[in-house]
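Coordinates in review
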Amino acid sequence: MSSTIIPKQNSWSLVSDVLFKAQWMRFLPLDGMIVYPLLIQAATHKQNLEEVVSYLKRHLVFQKDKDLVNRREAELRLIYERSGYSYPETVEELLDLIIRFGLLRKITCEDKTRLALIDCGCIPSPENVLNLTRREIQILEAIRTRS
């Protein structure tokens, strides 16, 4: 998959349009929905990945046992397991999941690792990454039709 870095101006709006149209936010854990815009900002400002992870570790508190409290998160856990992914419990696992989904990529530049945005045309659809049931795909298509 080819990918390029998106220019700083309007990077969040370009990426968010693609993500929302593809309905990716339906398939990110709640922590991912909070963290993803911050990761896009870090990528556009070419921040060191180690610093980003350190910041998130200091400020993000992962909720334990979400699946016992929140039906949405329990459903996501099942979709992830069915698709060969693990539900993220740490910042590193969440970041790895977002990268494995193809929503961001990791690059090394001048001996520093950082995040890079994926060219909007290369962001995969959730149904191409996750093993969704026929019903989940129908719901996804119905939502896309209405938007």
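Described below are features of the structure shown in this document. (Residues numbered from 1 in each chain as written. Predicted model: local features only at pLDDT ≥ 70, side-chain atom pairs only at ≥ 80, totals over all residues. Heavy atoms only, no water.)

Brief notes about the overall build of the protein chain
This is how the line gets drawn: Secondary structure elements are taken from DSSP: a helix is a run of H or I of four residues or more, a strand is a run of E of two residues or more, and numbering for both begins at the N terminus. All accessible-area figures derive from a Shrake-Rupley calculation using a 1.4 Å probe, and residue coverage is judged against the displayed protein chains alone.
Secondary structure assignment for the protein chain yields 8 helices and 2 strands. Secondary structure elements of the protein chain, listed N to C terminal, follow the sequence α-α-α-α-α-α-β-β-α-α. Carbon together with sulfur atoms contributes 50% to the accessible area of the protein chain, which is approximately 8,600 Å² in total.

Quick word on the pairing of strand 2 (residues 112-117)
Quick reminder of the rule: Any two strands between which DSSP finds at least two bridges are classified as paired.
Sheet topology places strand 1 (residues 104-109) next to strand 2; 6 bridges connect them, and they run antiparallel. Across the sheet, the residue bridging to Arg105 is Ala116, located in strand 2. Between strand 1 and the antiparallel strand that follows it, strand 2, lie 2 residues; Glu110 among them carries a positive phi value of about 55 degrees.

Considering the pattern of salt bridges
Definition in use: For salt bridges, the criterion is a side-chain nitrogen of Lys or Arg within 4 Å of an Asp or Glu carboxyl oxygen. For each residue, the accessible area found with a 1.4 Å probe, counting protein chains only, is set against the maximum for its type, and the residue is called buried under 20%, exposed over 50%, and partly exposed in between.
Enumeration according to the criterion identifies 6 salt bridges in this entry. Note that Glu136 is salt-bridged to Arg82, the shortest N-O span being 2.8 Å. Separated by 54 residues along the polypeptide, Glu136 in helix 8 (residues 134-146) and Arg82 in helix 5 (residues 71-82) bring together distant segments of the chain. For Arg82, a relative accessible area of 33% gives the class partly exposed.

Thoughts on the packing of helix 3 (residues 49-59) against helix 6 (residues 91-101)
Each pair of packed helices can be summarised by the angle the axes make with each other and by the distance between the axes. Defined as follows: A fitted line through C-alpha atoms represents every axis, and for helices the fit uses only the stretch in contact; the resulting angles, taken between N-to-C directions, go from 0 to 180 degrees. Throughout, the term roughly parallel applies to angles under 35 degrees, roughly antiparallel to angles over 145, roughly perpendicular to angles from 65 to 115, and oblique to all others. Crossing handedness follows the turn of the near helix against the far one: under a right angle anticlockwise gives a left-handed crossing, and clockwise gives a right-handed one. By definition in these notes, contact holds between two residues if any of their heavy atoms fall within 4.5 Å. Each residue is assigned to one class: nonpolar for Ala, Val, Leu, Ile, Met, Phe, Trp, Tyr, Cys and Pro, charged for Asp, Glu, Lys and Arg, and polar for all the others, Gly among them.
For the pair helix 3 and helix 6, interaxial distance at closest approach is 10 Å and the crossing angle is 125 degrees. The orientation of helix 3 with respect to helix 6, classified from their angle, is oblique. As for how helix 3 packs across helix 6, the hand of that crossing is right-handed. For the pair helix 3 and helix 6, contact is made by Leu49, Val53, Leu56 and Lys57 and by Val91, Glu92 and Leu95, respectively. Taken together, the residues of the contact of helix 3 with helix 6 break down into 5 nonpolar, no polar and 2 charged.

Concerning the packing of aromatic side chains
Operational definition: Think of it this way: a Phe, Tyr or Trp ring, Trp meaning its six-membered ring, pairs with another when their centres are within 6.5 Å, and the plane angle makes it stacked under 30 degrees, edge-to-face over 60, tilted otherwise.
Tallying each qualifying case throughout the model produces 4 aromatic pairs. Seen from their ring centres, Tyr80 and Phe101 are 5.7 Å apart, and the 65 degrees between their planes marks the pair as edge-to-face. Taken together, the residues span a long stretch of sequence, with Tyr80 in helix 5 and Phe101 in helix 6 at a distance of 21 residues. One exposure class covers both Tyr80 and Phe101, and it is buried. Taken together, the aromatic side chains of Trp24, Tyr80, Tyr85, Tyr87 and Phe101 make up a single cluster linked through ring pairs.

Quick word on the side chain of Thr44
Short version of the rule: Any N or O atom pair separated by 3.5 Å or less is treated as a polar contact, with the protein-specific requirement of one donor-capable and one acceptor-capable atom, and with residues adjacent in sequence counted only for side-chain atom pairs.
Along the chain, the position of Thr44 falls in helix 2 (residues 30-44). In this structure Thr44 comes out as buried when scored by relative accessible area, which is 8%. A distance of 2.9 Å separates the side chain of Thr44 from the backbone oxygen of Gln41, its partner in a polar contact.

Some thoughts on the environment of Phe62
With respect to the helices and strands, the residue Phe62 is situated in the loop between helix 3 and helix 4 (66-69). Here Phe62 is in contact with Asp31, Pro88, Glu89, Thr90, Val91 and Leu94, once residues within four sequence places are set aside.

Observations regarding the nonpolar core
Nonpolar side chains tend toward joint burial in soluble globular proteins. Let me state the cut-off plainly: Here, the term nonpolar core denotes a set of buried Ala, Val, Leu, Ile, Met, Phe, Trp, Tyr and Cys residues that are joined through side-chain atoms within 4.5 Å.
Of all hydrophobic cores here, the largest spans 39 residues; its most connected members are Trp24, Tyr36, Leu39, Phe101, Leu103 and Leu130. Contributions of two or more residues to this core are made by helix 1 (11-22), helix 2, helix 3, helix 5, helix 6 and strand 2.

Considering the environment of Ile118
With respect to the helices, strands and loops of the structure, Ile118 is situated in the loop between strand 2 and helix 7 (126-129). Assessed through its relative accessible area of 4%, Ile118 is described here as buried.

By themselves, these figures tell us nothing about what the structure is for.
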